[in-house]
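# An overview of the molecular structure
For reference, the chains in residue letters:
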Amino acid sequence: MMTAEVTAKKKLQRQSEKAILSGEFREEDVLLAYQKRWIADDSDLKIAEKSRRTGLTWGEAALSALEAAKSVEAGGDDTFYVGSTKDMAREFIDAVAMWAKAYSCAAEDVQEEVLKDDDKDILTYVINFASGHKVKALSSNPSNLRGMQGRVVIDEAAFHERLAEVLKAALALTMWGSKVCLISTHNGIENLFNTLIQDSRAGKKRYSIHTVDIDTACEEGLYKRICQVKKKEWTQEAEDEWKANLLKDTATEEDALEEYYCVPKNGGGAYISRSLRERAACLDVPVIRFKGTQAFNDAGEGERMREMQEWLVENVGPLLQALPQELRHSLGEDFARNGDLTVFAPFTVQDSTKRTVPFLVELSKVPFKQQEQALFYICDRLPRRDGIKLDARGNGQYLAEQAKYRYGEEVEEVMLSVAYYRENMPRFKAAFEDDEIKLPKHEDVITDLGQIQIYRGVPGIDDSRTKGSDGNKRHGDSAVAIFLGYLASKEDITRYELHTIRPSTDDNQRRFFGTAKENNRFDDMPRTDIRGKGIRL
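A quick note: this is a predicted structure, and the numbers were derived from the prediction, not measured.

### Observations regarding the packing of helix α13 (residues 301-321) against helix α14 (residues 368-380)
Interhelical geometry of α13 versus α14 gives an angle of 30° and a closest axis separation of 10 Å. It follows from the interaxial angle that α13 and α14 lie roughly parallel. By crossing handedness, the relation of α13 to α14 is classed as right-handed. Side by side, α13 and α14 meet where Glu301, Arg304, Met305, Met308, Gln309, Leu312, Val313, Val316, Gly317 and Leu320 of the first sit next to Lys369, Gln370, Gln373, Ala374, Tyr377 and Ile378 of the second. Class assignment for the residues of the contact of α13 with α14 results in 9 nonpolar, 4 polar and 3 charged.

Pasting the structure below:
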């Protein structure tokens, strides 16, 4: 490889690494951070779902020129660009030519070639490099890829009429180590392009996914670059107005979301079908509930602590003791203080790799300290505990933070958001489709899971409330806890157990999480003084 090419590649790599860490915009950088991330991703298969006119194809042209300029020994390769129109093909080839010149690579000028395409001749564009490699723009006819060998870039993939056939032909090239890239805005939720993305997020496909919506692009300098090119002064007010006009000028809100926010149109309805939810909810295991009465909430902390401990020991303790000691366990939680429920969902990972929820614990109108007490009680007794994911939104951040102090890195404080649901819900849905998950056989659980709705093309918890079997309102609470518990069970954490609680050798003494005075007072009580019932940890 020529010295100039080596220098260009090293500079590009340094810029990419820096952008991945910071995402900052610098006027002297040629590429924006999301373009650099795309170039730095060396995956065999990768997809970019993007907003319109963000320049991702231009960034791909930079990579294509670089790959074609490298020798065979350096890992260089041909690139075949498959666009949906002739104009796109010419624009891409011109961009490759510009990059080749910028790299000072030895390359010929753009040439036109005639390609036989069924019954007609198709004009194609090609640039030949001194390395012996080329970048060539082909028509979207799948047969044109037959017999080729090299990288394949399918641009505006969602708008190809025969995407499945084009992709089938392209993937055959990977047998010899070539790579396939798909770049596109969305074109409907049922489109194969969106299906590939969802299947990849679910772990069914191995595509690396890049999401570049208009907000991400602007945060990383898109409008600043536009101002720089047009020699205009950038201001935040001007950027906000520019973005607002883009959205306002689309025909409908759905169009705006699809074109600029990577949200495919025509979404709606329950994310997981009723039949799949009912099949999963097949375990005759309990859903245990504790409701904080007014008297309970008004009581002193020591009294609340003792009452909660007694309830946990009597109702939750036996279930924890019955868990298989040799199997891994994880926990998910959805937090609420007043209106909704806090739900704890432990998971058992069976030898068959199926995930089962052995019971659920629901708390209603329970003070923070007693929620903390219940969480610690459960987590301390989960056999081979290997992952805790807690809802850290709003007041839930307190409980998640306390758990983090106690259990360290094993705890993930999850900030549920549209992006989090978009990235992780496909994996959760796949567990139902593959019959990998087993849940308590309870109508409230089935209904809660039905609260996961498609809204603007993205799954999330619906804002409406349902009425539970106990007459209280619900907001998909167990669904969120089960969702997070499942994700925790799928992570290969392999941590050792912490804070194992061992029963005291003296059954007449038990210690709770109270003040020293309260603990000493309780330790001195005979066990029959606690409402005449023995307390066992």
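Still more to cover.
### Regarding the side chain of Ser489
Among the secondary structure elements, Ser489 is positioned in helix α18 (residues 477-490). Assessed through its relative accessible area of 1%, Ser489 is described here as buried. One polar contact links the side chain of Ser489 to the main-chain carbonyl oxygen of Tyr486, over a distance of 2.7 Å. Leave out the neighbours within four places in its chain, and Ser489 touches Arg328, Ser330, Phe347, Val349 and Arg355.

### Topic: the packing of helix α17 (residues 443-450) against α18
Running from N to C, α17 and α18 point in directions that differ by 80°, and their axes come no closer than 7 Å. The angle between α17 and α18 places the two elements in the roughly perpendicular class. Judged by residue contacts, Asp444, Val445, Asp448 and Leu449 of α17 engage Asp477, Ser478, Ala479 and Ile482 from α18. In the contact of α17 with α18, the residues fall into 4 nonpolar, 1 polar and 3 charged.

### Concerning the packing of aromatic side chains
Following the criterion strictly, the structure yields 15 aromatic pairs and no others. For the pair Phe428 and Phe483, a centre-to-centre distance of 5.4 Å together with 65° between the ring planes defines the contact as edge-to-face. Of this pair, Phe428 sits in helix α16 (residues 418-433) while Phe483 sits in helix α18; the two residues are 55 residues apart in sequence, bridging distant segments of the chain. Like Phe428, the residue Phe483 is buried in the burial classification. Here the aromatic residues Phe347, Tyr420, Tyr421, Phe428, Phe432, Phe483 and Tyr486 are joined through ring pairs into a cluster of three or more. If you follow Arg337 out to its NZ or CZ, it ends over the ring of Phe368, 5.9 Å from the centre. We note Lys429 situated over the ring of Tyr271; from NZ or CZ to the ring centre the distance is 4.7 Å.

What counts and how
- Residues numbered from 1 in each chain as written.
- Predicted model: local features only at pLDDT ≥ 70, side-chain atom pairs only at ≥ 80, totals over all residues.
- Heavy atoms only, no water.
- Axes fitted to C-alpha atoms, helices over the stretch in contact; angles between N-to-C directions.
- Helix = DSSP H or I, 4+ residues; strand = E, 2+ residues; numbered from the N terminus.
- Parallel < 35°, antiparallel > 145°, perpendicular 65-115°, else oblique.
- Left-handed = near helix turned anticlockwise from the far one by under 90°.
- Contact = heavy atoms within 4.5 Å.
- Nonpolar A, V, L, I, M, F, W, Y, C, P; charged D, E, K, R; others polar.
- Buried < 20%, exposed > 50% of the residue type's maximum accessible area, 1.4 Å probe, protein only.
- Polar contact = N/O pair within 3.5 Å; in protein donor to acceptor, adjacent residues only side chain to side chain.
- Phe/Tyr/Trp six-rings, centres within 6.5 Å; stacked < 30°, edge-to-face > 60°.
- Lys NZ or Arg CZ within 6 Å of the ring centre and 35° of its normal.

Limitation: the analysis is restricted to geometry and does not speak to function.
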